[in-house]
Structure formats: structure tokens, C-alpha cells
Amino acid sequence: MRIRLLINIVLFVVLAAIPLVAEIITATPEHVPGTGFSILLYQPFGFAYVILTSFTFLALNIYFSSKQQQSFILGFAIGIAVSIAWFAITFLSVGQLHLSLGGKL
């Protein structure tokens with residue numbers, strides 16, 4: 001159970017850092033809105049990154065549930081919960097960073 005929690009936390013942080021780093025690196029004084037929102041919501045198609053991340057959390061937690069001889073539903077529920085939490089926190093973080101760099105929503 002500890003390894004599942006640790007891997008979920010590490011994956012959560014790494015996957016949340018990608019749009020945040022993209023926002024920081026691509027925002028310039030001349031071009032305030034960076035590409036953090038685009039990566040999170042639009043590139044290469046609508047919600048691609050969110051779908052990939054959700055699938056990753058689902059697959060990981062279902063795998064750990066099967067390995068620990070727990071219910072498939074438990075792994076699925078944990079994966080969905082982590083995915084929703086990841087999206088909410090990442091969306092708010094990218095939005096706050098975007099605003100703090102001088103962008104508008």
C-alpha cells in the first residue's frame with residue numbers, strides 16, 4: 001500500500017509540473033500567456049494530456065489492486081479519485097501561475 005501511495009504522489013507531482021514548467025518557460029514580457037494551458041487542455045487535441053494522465057493513474061492503480069489481490073473496482077475508484085484531484089490542483093496551479101505572470105483569463 002505504501003508503494004502505491006508513493007508512486008501516485010511522485011507521478012502526480014511530475015505530471016503536474018509539465019504544464020507549470022511550460023507556462024514559466026514560454027511566458028515572456030512580450031507574450032505573457034505561456035503554453036501551460038495549451039498543454040493542459042488543448043494540445044495536440046482537446047484534453048489529450050488530461051486523458052493520458054487519467055489513463056495512467058487508472059492503469060497504475062488497477063495494476064496495484066490486481067497485484068495486491070484487491071478488487072478491480074477499488075483500483076478504478078482510486079485511479080478516478082487521483083485523476084480528478086490531479087486535474088483540479090493542476091488547473092488551479094497553472095491558472096494562478098498564468099495570472100501571476102500577468103496573463104488574463
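For the structure, see preceding data.
This text gives an overview of the structure that appears in the document. (Residues numbered from 1 in each chain as written. Predicted model: local features only at pLDDT ≥ 70, side-chain atom pairs only at ≥ 80, totals over all residues. Heavy atoms only, no water.)

Looking only at helices and strands, the protein chain has four helices and zero strands in total. Start at the N end of the protein chain and walk to the C end: the helices and strands fall as α-α-α-α. Seen along its three principal axes, the alpha-carbon backbone of the protein chain occupies a region of about 55 × 25 × 15 Å. Residues counted as buried form 34% of the 105 residues belonging to the protein chain. Restricting the contact set of the protein chain to residue pairs at least 6 apart, pairs at least 24 apart contribute 65%. (Helix = DSSP H or I, 4+ residues; strand = E, 2+ residues; numbered from the N terminus. Buried < 20%, exposed > 50% of the residue type's maximum accessible area, 1.4 Å probe, protein only. Contact = heavy atoms within 4.5 Å.)

What follows concerns helix α4 (residues 72-100). Taking 1.5 Å of rise per residue, 29 residues should cover 42 Å, and α4 covers 42 Å from first to last C-alpha, within 8% of that figure. For α4, the capping residue at the N-terminal end is S71, with a side-chain oxygen 3.1 Å from the backbone nitrogen of I73. One or two steps after α4, the chain reaches G102, where phi turns positive at roughly 100°. (Expected span 1.5 Å × (residues − 1). Polar contact = N/O pair within 3.5 Å; in protein donor to acceptor, adjacent residues only side chain to side chain.)

This part takes up the environment of G34. With respect to the element layout, G34 can be found in the loop between α1 (2-26) and α2 (36-42). Put simply, G34 and L20 are 14 residues apart on the chain and 9.4 Å apart in space, counted from C-alpha to C-alpha. Excluding its chain neighbours within four sequence positions, the residues that come into contact with G34 are E23, T26, A27 and H98.

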